[in-house]
Amino acid sequence: MTNEQQEKELFINTDNFNTDFTPLTVEPNRIYEYSFETILEEYGPHDYSEDEWSIIRRIVHASADFELGKSVIIHPDAIRAGIESIRAGRPVIADVQMIQSGSGRKRFQKHGGDLYCHIADEDVSKMAKEHNTTRAIISMQKAARLHEGGIYAIGNAPTALLELIRLIREGIAKPDLIIGMPVGFVSAAESKEELSKVTEVPFITNLGRKGGSTVTVAALNAISILADRQD
């Protein structure tokens, strides 16, 4: 059998995994549809607007965690601010590179913006060592110097979120929107509680220790999809 024949044989049958379990579908779009249908059914009654629900639904889809989804707080101006920021071509700043990898970056670039993450920058690492502090803190300071406005997406580092809040209150950083959902046992819940008190900037956050880059990306992608739909 030739290599071409072997490849054809390898990929021709996608209906039988030779397992006891057979997936409902292997079609990508149908997988999303079935997932969203399941989330709607299991989430139960809610009072979210259609746009708010699109964010909650994606967060639950990314985490398979209804408790997390029900702990999400969406500032009344958050969706409008996020859409306007993206459509104005303003930057998106991430605390970690995982958000860079998972986001729909092309949607930001389409409107003239882009996504930036400074945590691995050489000067950030050097300064963090010199001051015996986290790279996340220094990366937020650098972002505030380099970028005007924009969306800050923080899913991993509570110290990044706390530093961003400090920079806002001192008038140094002026984001259009903060998506702050860091995960962890040290300062994660507390940093999000502080974010929920911020009055200067719209935000999306959640209560408690749960969160992470995956759900932050989910919220960010939901916002960017809404921005695209307004074309």
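Residues numbered from 1 in each chain as written. Predicted model: local features only at pLDDT ≥ 70, side-chain atom pairs only at ≥ 80, totals over all residues. Heavy atoms only, no water.

Identification of the protein as Precorrin-8X methylmutase from Kurthia gibsonii is taken from an unreviewed UniProt entry. What the UniProt record of the protein gives under Sequence similarities (unreviewed entry) is the line "Belongs to the CobH/CbiC family." (UniProt positions renumbered as here; feature names shortened; annotations may be inferred.)

## Digging into the side chain of Asp95
In this structure, Asp95 sits in the loop between strand S2 (92-94) and helix H6 (97-102). Arg135 provides the closest opposite charge to the buried, salt-bridge-free Asp95, at an N-O distance of 11 Å. Polar contacts involving the side chain of Asp95 include one to the main-chain amide nitrogen of Ala157, which spans 2.9 Å. If sequence neighbours within four positions are ignored, Asp95 has contacts with Cys117, Ile119, Met140, Ala153, Ile154, Gly155, Asn156, Ala157 and Ala160. (Helix = DSSP H or I, 4+ residues; strand = E, 2+ residues; numbered from the N terminus. Buried < 20%, exposed > 50% of the residue type's maximum accessible area, 1.4 Å probe, protein only. Lys, Arg positive; Asp, Glu negative; His and termini not counted. Salt bridge = Lys/Arg side-chain N within 4 Å of Asp/Glu carboxyl O. Polar contact = N/O pair within 3.5 Å; in protein donor to acceptor, adjacent residues only side chain to side chain. Contact = heavy atoms within 4.5 Å.)

## Points about the pattern of salt bridges
Following the criterion strictly, the structure yields twelve salt bridges and no others. Residue Arg166 is joined to Glu163 by a salt bridge in which the shortest nitrogen-to-oxygen separation is 2.5 Å. With a gap of three residues between them, Arg166 and Glu163 both fall in helix H10 (residues 158-169), about one helical turn apart. Of the residues examined, Glu163 reaches a relative accessible area of 8% and is grouped as buried. Its salt-bridge partner being Glu170, residue Arg166 comes within 3.0 Å of it at the nearest N-O pair. In this structure Arg166 comes out as partly exposed when scored by relative accessible area, which is 33%. In this structure, a network of salt bridges that share partners links the residues Asp65, Glu67 and Lys210.

## Section: the packing of helix H9 (residues 135-146) against H10
Packing of H9 against H10 brings their axes to within 8 Å, and their N-to-C directions diverge by 40°. As for the relative orientation of H9 and H10, their crossing is right-handed in sense. Note on element contacts: H10 touches H9 through Thr159, Ala160, Glu163, Leu164, Arg166 and Leu167, opposite Ala136, Ile137, Met140, Gln141 and Ala144. Of the residues contributing to the contact of H9 with H10, the split by class is seven nonpolar, two polar and two charged. (Axes fitted to C-alpha atoms, helices over the stretch in contact; angles between N-to-C directions. Left-handed = near helix turned anticlockwise from the far one by under 90°. Nonpolar A, V, L, I, M, F, W, Y, C, P; charged D, E, K, R; others polar.)

## Structural notes on the environment of Ile138
Along the chain, Ile138 turns up in helix H9. Once residues lying within four places of it in the same chain are set aside, the contact partners of Ile138 are Val124, Met127, Ala128 and Thr133.

## Re the sheet that holds strand S4 (residues 151-154)
Read across the sheet, six strands follow the order S1-S6-S5-S4-S2-S3 without closing on themselves; strand pairing throughout is mixed. Where the open sheet ends on each side, the last strands, each with one partner, are strand S1 (72-74) and strand S3 (115-117). Neighbouring strand axes in the sheet, compared pairwise and without regard to direction, differ in orientation by 15° on average. Strand direction decides the pairing type here: S2 and S3, joined by three bridges, are parallel. (Pairing = 2+ DSSP bridges.)

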